[in-house]
Amino acid sequence: MTKNFYMGKYDVIVVGAGHAGCEAALSSARLGLNTLVFSINLESIAMMACNPSVGATGKAHLVREIDALGGEMGINIDKASIQSRMLNTAKGPAVHSLRMQADKHLYHTEMKKVLERQENLDIKQGEVVDLFIEDQTVKGVITRTGAFYETKAVILATGTFLKGRIFLGEWSYEGGPSGLSASLELSDNLKKHGLSLRRFKTGTPARVDGKTLNYEKMQEQPGDEETIPFSFTNDNLHKSRVSCWLTYTNKETHSVILDNINRSALYGGQIEGVGPRYCPSIEDKLVRFADKERHQLFIEPEGLDTDEVYIQGMSTSLPEDVQEKFYRTIQGLENAKIVRSAYAIEYDCINPIDLKLTLEHKNFNNLFCAGQFNGSSGYEEAAAQGLMAGINAALKIKEQDPFIIDRSEGYIGVLIDDLVTKGTNEPYRIMTSRAEYRLILRQDNADLRLTEKGYEIGLINDERYKKFVYKKDKINEEMDRIKSTYIVPKEINPFLEKYNSSPVNNRVTLLELLKRPEITYSALSEIDKNRPELDIRIGEQIEIQIKYSGYIGKQMAQVEKFKKLEKRQLSSDLDYTKIEGLRIEAQQKLNTFKPLSVGQASRISGVSPADINVLLINLERERRKKEG
Ligand SMILES: Cc1cc2nc3c(=O)[nH]c(=O)nc-3n(C[C@H](O)[C@H](O)[C@H](O)COP(=O)(O)OP(=O)(O)OC[C@H]3O[C@@H](n4cnc5c(N)ncnc54)[C@H](O)[C@@H]3O)c2cc1C
């Protein structure tokens, strides 16, 4: 390999400044590592190439966890938020999910500012075309313009750019998202080094000129009056400044699309990449849900200083003439002017089962991978992986223990374990249904679960940690107070009658009252004379922990069992063909995969509970033999 001109040495080089790359670069630099982050175009730093929003079910949990660990996404969206809504409030707290509309441009400029001002961090516009790898260890990167940068670790966070190909109907061409150029050479060179890559695809809807829409024909979707910040570092959030709008497809829309479905790149067979099941194109929806008379569409402003609006639910790879025809069949869009056409993009990504739980590649030392490049889809999923890859690259260089979050500690643990242990055959999107311990992995308690860990690894500073400990102490104090505060029937019964709650004959504690579904923590303030002034989020914790204490207790017991199997470590030298009673398929899968623990082994597809029992018996036999 010809070395180009030498441009310096770094501890960590991050290839890509998207949602993954930004978190990776910031966490590595904040942990004291000399870091460089590349982007093909600095205008695409933290670019929201698709939906102008952050959060919603499952994704909000990731944003809160990133924030609790000392990441940037939560703080950044609070700055760029133009509308805030709490979703699923009619359901239990496990699925309550914050969702914020973002001013895309502001989201980009604010994140770019943070990168520019971060100590130990350099940003560079340039395209990385190759890695310098020696003895299966990455030692440098080479750019398109001939520069060679030496480094101790590389984080690949290239998103949808690698061998990007754009599809609009019968037409396709090499390109990255939003009119940017694709990254072509790096893919070929990664394959030459022995990385296996595959093709995924995703799609985005058109952007239309908001001035050409008739909002009177749609239903307004205003933001919440009470706005709640994403970041635990913010006590409050500015009011919502825009509304979204709801409209629907109709019979005419469906017939225009179905009449032209053979011209869709997807149904015309041009696209080979696999798309996200949970973000289907409108063509997919009509084919998969043929009985549905109409599909919801949300009209979402892209920012305060632009007239562009995003048509959520209408991504397509049909050609532009067809797009114009069926977009104009929609109520309120009769005169819509499309300013950016919808398109599908196909791109190269790796198979995440080639990665360890630290997101380091199993076959290449100090090569970490994050984001869409790992087979996920979504800003939040990308940011969570970027944060973890940045932390683990830094810890590895500092020869400190890896940082892993397991499935019982966070959605970040569910996301990464699903990707690297179970793998994915389509762009992976996080959902609350993927988390078996979702009642304890709520968005409201992400700091109580993770901020301590963020402090231990060095991403949470002392000042923030002190605030966090203060909050924890206040929760415990208040919990003790209401456990031991008794109210006599004379004082309570009029209050209980007001809330249609059955009267009491003896004195009861505030805690017992709060267990009643019809009594809320805020309502209790009517009879709770000595209540201290507390942050609303402390009250929220008290109410949830008491009302769901039974379910939480059960789930904690399940977590105990889970942790036991996670703690049963498995050596990477173990030859599973030597374990009697293991089925052939399990032997092959375990030898290929080399799981870290019995728990991880139990989640590998093709390894049955019976195989796990055989493994446990064998481990026990080995242990006794060793102990003689
Ligand atoms: C068309 C489209 C549709 C989408 N649809 C959805 C959806 O339906 N649902 C959803 O949840 N998400 C969707 N997304 C996904 C969302 O945009 C991504 O998930 C998210 O941006 C991924 O973040 P990332 O950091 O992994 O990559 P990106 O945000 O794509 O960032 C990649 C970065 O890498 C840089 N880069 C790439 N190659 C090189 C190189 N060789 N050298 C230097 N820099 C390089 C780029 O400049 C960029 O800064 C869509 C994205 C696109 C483009």
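Please read these numbers as outputs of a predicted model, since none were measured by experiment.

1. Some thoughts on the site of the ligand
Move 1: His19, Ala20, Val128, Gln372 and Gly378 are the nearest of the 36 residues found near the ligand.
Move 2: For the ligand, an oxygen atom lies 2.2 Å from a polar atom in the side chain of glutamine 372.
Move 3: Measuring from a nitrogen atom of the ligand, one finds a side-chain N or O atom of serine 377 at 3.3 Å.
Move 4: Within the complex, 97% of the 980 Å² of free accessible area of the ligand lies under protein.
Move 5: Put simply, the parts of the chain that give the shell around the ligand at least two residues each are α1 (19–30), β2 (35–39), β12 (197–204), β19 (343–350) and α9 (379–397).

2. Some words on the packing of helix α11 (residues 446–457) against helix α12 (residues 462–484)
Move 1: α12 packs onto α11 with a crossing angle of 145° between their chain directions and a minimal axis gap of 11 Å. Note on packing geometry: the crossing formed by α11 with α12 is left-handed. Contacts between α11 and α12 involve Asp447, Leu448, Thr451, Glu452 and Tyr455 from the first element and Asp462, Tyr465, Phe468, Lys471, Lys472 and Ile475 from the second.
Move 2: Partitioned by chemical class, the residues of the contact of α11 with α12 number 5 nonpolar, 1 polar and 5 charged.

3. With respect to the domain arrangement of the protein
Move 1: Looking at the protein, the domain boundaries give domain 1 (5–202 + 347–456), domain 2 (207–344), domain 3 (473–552) and domain 4 (568–626).
Move 2: Contact residues are listed per partner, giving 8 residues for domain 1 and 8 residues for domain 3.
Move 3: In total, about 640 Å² of surface goes out of reach between domain 1 and domain 3, with carbon and sulfur atoms giving 70% of it.
Move 4: The three residues of domain 1 that bury the most area against domain 3 are Pro93, Leu439 and Asp444, which together make up 55% of that side's buried surface.
Move 5: Across the contact surface, domain 1 and domain 3 share 0 salt bridges.
Move 6: Looking at the side of domain 1 that touches domain 3 residue by residue, the classes come out as 4 nonpolar, 2 polar and 2 charged.

4. Examining the environment of arginine 207
Move 1: Within the fold, arginine 207 resides in strand β13 (residues 207–209).
Move 2: Judged by relative accessible area, which is 6%, arginine 207 ranks as buried.
Move 3: Each C-alpha atom of the pair arginine 207 and isoleucine 299 lies 9.7 Å from the other, and the pair is 92 residues apart in sequence.
Move 4: A polar contact is formed between the side chain of arginine 207 and the backbone oxygen of cysteine 50, at a distance of 3.3 Å.
Move 5: Polar side-chain contacts of arginine 207 include one of 2.9 Å to the side chain of threonine 204.

5. Structural notes on the packing of helix α6 (residues 251–259) against helix α8 (residues 320–327)
Move 1: Following both chains from N to C, one finds α6 and α8 inclined at 165°, their axes separated by 9 Å at the closest point. Of the possible angle classes, the one that applies to α6 and α8 is roughly antiparallel. Where α6 crosses over α8, the two elements pack in a sense that is right-handed. Contacts between α6 and α8 involve Thr253, Val256 and Ile257 from the former and Val322, Lys325 and Phe326 from the latter.
Move 2: A breakdown of the residues in the contact of α6 with α8 according to their chemical character gives 4 nonpolar, 1 polar and 1 charged.

6. Section: the pairing of strand β9 (residues 147–156)
Move 1: Burial runs high along β9: 8 of the 10 residues are buried.
Move 2: Summarising the sheet, strand β1 (residues 5–15) and β9 pair through 8 bridges and their orientation is parallel. Among the inter-strand pairings, valine 12 is bridged to a residue of β9, identified as alanine 153.
Move 3: In terms of strand pairing, strand β8 (residues 137–143) meets β9 through 3 bridges, oriented antiparallel. Note that in β9 the partner of glycine 140 across the bridge is glutamate 150.
Move 4: Hairpin remark: β8 followed by β9, antiparallel, with 3 residues in the connecting loop; positive phi at glycine 146, about 90°.

Thresholds applied
Per chain, residue numbering runs from 1 following the sequence as it is written. Reporting of local features is limited, given that this is a predicted model, to residues whose pLDDT is at least 70; pairs of side-chain atoms are given and counted only at 80 or more, and all residues count toward the totals for whole chains, interfaces and linings. Computation of side-chain values: all heavy atoms of the structure, hydrogens and water removed. Any residue with at least one heavy atom within 4 Å of a molecule or strand is counted as near it. Polar contacts, as counted here, are pairs of nitrogen or oxygen atoms within 3.5 Å of one another; within protein the pair requires one atom able to donate a hydrogen and one able to accept it, and residues that are adjacent in sequence qualify only if both atoms are side-chain atoms. For accessible areas, the Shrake-Rupley method is used with a probe of radius 1.4 Å. Any residue's cover is judged against the shown protein chains and nothing else. Put simply, DSSP H or I for four residues or longer makes a helix, DSSP E for two residues or longer makes a strand, and each gets a number counted from the N terminus. Lines are fitted to the C-alpha atoms to define the axes, a helix being fitted only along its stretch in contact, and any angle between axes, read from their N-to-C directions, falls within 0 to 180 degrees. We call a crossing left-handed when the near helix sits turned anticlockwise from the far one by less than a right angle, and right-handed when that turn is clockwise. By definition, residues are in contact when any of their heavy atoms lie within 4.5 Å. Each residue is assigned to one class: nonpolar for Ala, Val, Leu, Ile, Met, Phe, Trp, Tyr, Cys and Pro, charged for Asp, Glu, Lys and Arg, and polar for all the others, Gly among them. Each domain's extent was defined by an automatic or database domain assignment. The term buried area denotes the loss of accessible surface (1.4 Å probe radius) that occurs when two parts are joined, taken as the sum for both partners. Counted as salt bridges are all cases of a side-chain nitrogen of Lys or Arg within 4 Å of a carboxyl oxygen of Asp or Glu. Remark: exposure states derive from per-residue accessible area (1.4 Å probe, protein chains only) relative to the maximum for the residue type, with buried under 20%, exposed over 50%, and partly exposed in between. If an angle is under 35 degrees, it is roughly parallel; if it is over 145, roughly antiparallel; if it lies from 65 to 115, roughly perpendicular; otherwise it is oblique. Two strands make a pair as long as DSSP finds a minimum of two bridges between them.

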